[in-house]
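# Inside the fold
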Amino acid sequence: MKIPSAQQLKSIDKQTILKQGIASFDLMERAARAVFEAIREDILSKAPATSFTVIAGSGNNGGDGLALARMLFLSGITVQVYLYKKETYSADNLYNQQKLAELGIKMEYFDLSDQLSFDRNSVLVDALFGFGLTHALSEEWRGITEQINTCKNVISVDLPSGLRADGKTEKRNPVVRAQMVYTFQVPKVALLLPQSADSMEQFQVLDIGLDEEAVQEVETDVYYYTLSDAKKDLKKRRKFDHKGTYGHALIVGGSFGKIGAAMMSTKSA
Ligand SMILES: NC(=O)C1=CN([C@@H]2O[C@H](COP(=O)(O)OP(=O)(O)OC[C@H]3O[C@@H](n4cnc5c(N)ncnc54)[C@H](OP(=O)(O)O)[C@@H]3O)[C@@H](O)[C@H]2O)[C@@H](O)CC1
Ligand SMILES: [K+]
């Protein structure tokens, strides 16, 4: 599976909307619905009385969070919503703010110096930033990320806020620590780097139906190779096949003390 960069994901987003003849808020709705279904399966099926706190930013990641809050509310779940106070919001974020207002769901606005008052035992949904983060979070964000990190159960939408999708984030920068990351369509590179280990325990990739052709056309040298990919790549073995049937491998490797890779390759061949 190819892993597109944040920039490429934005273009895939546009192509999907165009090819499928949908509006951008429909795609956001799909993304939020996918997280909602995952939460239903992973949390609510075991503990239906769980309450949620959604902390939303001003972009589309925040929009996903607001749409998710609406879905939780409409299924009778207690949900508290915080929205970052800013002069401008993305169009689909505003659309979802309006939807919440129509349902009478209260949104509390917060500033970076605020002490948020929410139930630390609720599941905290971190929807502050996704792949739109342009640079690491400044020190001003530490207060908010630390408050989020005091919660036992943090779910991040798409990425732990503060992690940059395509690369390393310095340990000294504020970052949310998530127990679970529900990421859309493809795992972002940051989720696969050892440097991110402190920012998340595990992630799940949720299919939101981005245009497959657009993903395939992306030029990248970053791939995510899964067991199911390997199963597809392996040719079917017939009864009388032998070591000569499927070609030969020449393995060049293993200097003194560094024999591991050569051994593993030989064994798997
Ligand atoms: N195709 C998909 O997969 C789909 C993706 N979807 C979702 O969209 C998400 C991406 O949304 P996005 O592009 O709006 O960016 P997002 O992460 O919300 O951040 C933007 C905000 O952050 C701000 N900002 C940036 N850097 C900052 C900094 N260092 N410090 C402070 N602020 C900073 C920036 O502010 P500005 O620079 O504009 O002032 C802006 O307000 C993606 O992760 C997924 O959740 C789904 O909805 C649908 C399908
Ligand atoms: K997030």
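Fair warning: this is a prediction, and the values are worked out from it, not measured in the lab.

## With respect to the overall build of the protein chain
Scanning the protein chain for helices and strands turns up eight helices and seven strands. Buried residues in the protein chain amount to 44% of all 269 residues. Restricting the contact set of the protein chain to residue pairs at least 6 apart, pairs at least 24 apart contribute 75%. Here the protein chain has roughly 15,100 Å² of accessible surface; of this, 54% comes from carbon and sulfur atoms. On the protein chain, the mean spot of the 32 positive side-chain charges and the mean spot of the 33 negative ones are 8 Å from each other.

## Looking at the site of ligand 1
Around ligand 1, the surrounding shell holds 25 residues, and the nearest of these are Ser58, Asp64, Gly130, His135 and Asp158. The contact in question runs from an oxygen atom of ligand 1 to an N or O atom on the side chain of Lys86, over 2.8 Å. Here an oxygen atom of ligand 1 sits 2.9 Å away from a polar atom, N or O, in the main chain of Phe131. With the chains in place, 80% of the 950 Å² that ligand 1 exposes on its own is no longer accessible. At the level of secondary structure, the elements contributing two or more residues to the shell around ligand 1 comprise helix H1 (6-20), helix H2 (24-44) and helix H3 (60-74).

## A closer look at the domain arrangement of the protein chain
Under the domain assignment used here, the protein chain contains domain 1 (6-217) and domain 2 (238-268). Centre-to-centre separation of domain 1 and domain 2, based on C-alpha positions: 43 Å.

## Considering the coordination of the potassium ion (ligand 2)
Summarising the metal site, the potassium ion (ligand 2) is bound by the protein donors Asn61 (OD1), Asp126 (O), Phe129 (O), Val157 (O), Leu159 (O) and Ser161 (OG), whose distances to it range over 2.6 to 3.0 Å. Taken together, the six donor atoms surrounding the potassium ion (ligand 2) define angles of 68 to 168° at the centre, an arrangement classified as irregular. Between consecutive donors of the potassium ion (ligand 2), the numbers of intervening residues give the motif N-x64-D-x2-F-x27-V-x1-L-x1-S. Residue Asn61 is found in helix H3, and its partner Val157 is found in strand E5 (residues 154-157); the two are separated by 96 residues along the sequence. The exposure classification of Asn61 matches that of Val157, with both residues buried.

## Here we look at the UniProt feature "binding site: K(+)" (unreviewed entry) in the protein chain
In this numbering, the UniProt entry assigns the feature "binding site: K(+)" (unreviewed entry) to Asn61, Asp126 and Ser161. The annotated residues occupy 101 residues of the chain but converge on a single region, no pair of C-alpha atoms lying more than 9.4 Å apart. Positionally, Asp126 belongs in strand E4 (residues 123-127). On the basis of relative accessible area, Asp126 is assigned to the buried category, the value being 0%. Residues contacting Asp126, with those up to four places away along its chain left out, are Ile55, Asn61, Val154, Ile155, Ser156, Val157, Leu159, Pro160, Ser161 and Val176. A polar contact of 2.6 Å, which involves the side chain of Asp126, links it to the side chain of Ser156. Mapping Ser161 onto the fold places it in the loop between E5 and strand E6 (178-184).

## Some remarks on the packing of aromatic side chains
If you walk through the whole model with that rule in mind, you get seven aromatic pairs. Here Tyr84 and Phe110 contribute two aromatic rings whose centre-to-centre distance is 5.6 Å and whose plane-to-plane angle is 45°, an arrangement assigned as tilted. Taken together, the residues Tyr84 in strand E2 (residues 79-84) and Phe110 in strand E3 (residues 107-110) connect sequence positions 26 residues apart. Judged by relative accessible area, which is 15%, Tyr84 ranks as buried. Relative accessible area serves as the criterion here: at 1%, Phe110 is assigned to the buried category. Among the aromatic side chains, those forming a connected cluster through ring pairs are Tyr82, Tyr84, Phe110, Phe118, Phe129 and Trp141. Sitting over the face of the ring of Phe118, Arg120 holds its NZ or CZ atom 4.0 Å from the ring centroid.

Cut-offs applied
Residues numbered from 1 in each chain as written. Chains lettered and ligands numbered in written order. Predicted model: local features only at pLDDT ≥ 70, side-chain atom pairs only at ≥ 80, totals over all residues. Heavy atoms only, no water. Helix = DSSP H or I, 4+ residues; strand = E, 2+ residues; numbered from the N terminus. Buried < 20%, exposed > 50% of the residue type's maximum accessible area, 1.4 Å probe, protein only. Contact = heavy atoms within 4.5 Å. Areas by Shrake-Rupley, 256 points an atom, 1.4 Å probe, with all protein chains shown as cover. Lys, Arg positive; Asp, Glu negative; His and termini not counted. Charge placed at Lys NZ, Arg CZ, Asp CG, Glu CD. Near = heavy atom within 4 Å. Polar contact = N/O pair within 3.5 Å; in protein donor to acceptor, adjacent residues only side chain to side chain. Domains from an automatic or database assignment. Donors = N, O, S within 2.8 Å, 3.2 Å for Na, K, Ca; no water. Tetrahedral: all angles 85-135°; square planar, octahedral: opposite > 155°, others 65-115°. UniProt positions renumbered as here; feature names shortened; annotations may be inferred. Phe/Tyr/Trp six-rings, centres within 6.5 Å; stacked < 30°, edge-to-face > 60°. Lys NZ or Arg CZ within 6 Å of the ring centre and 35° of its normal.

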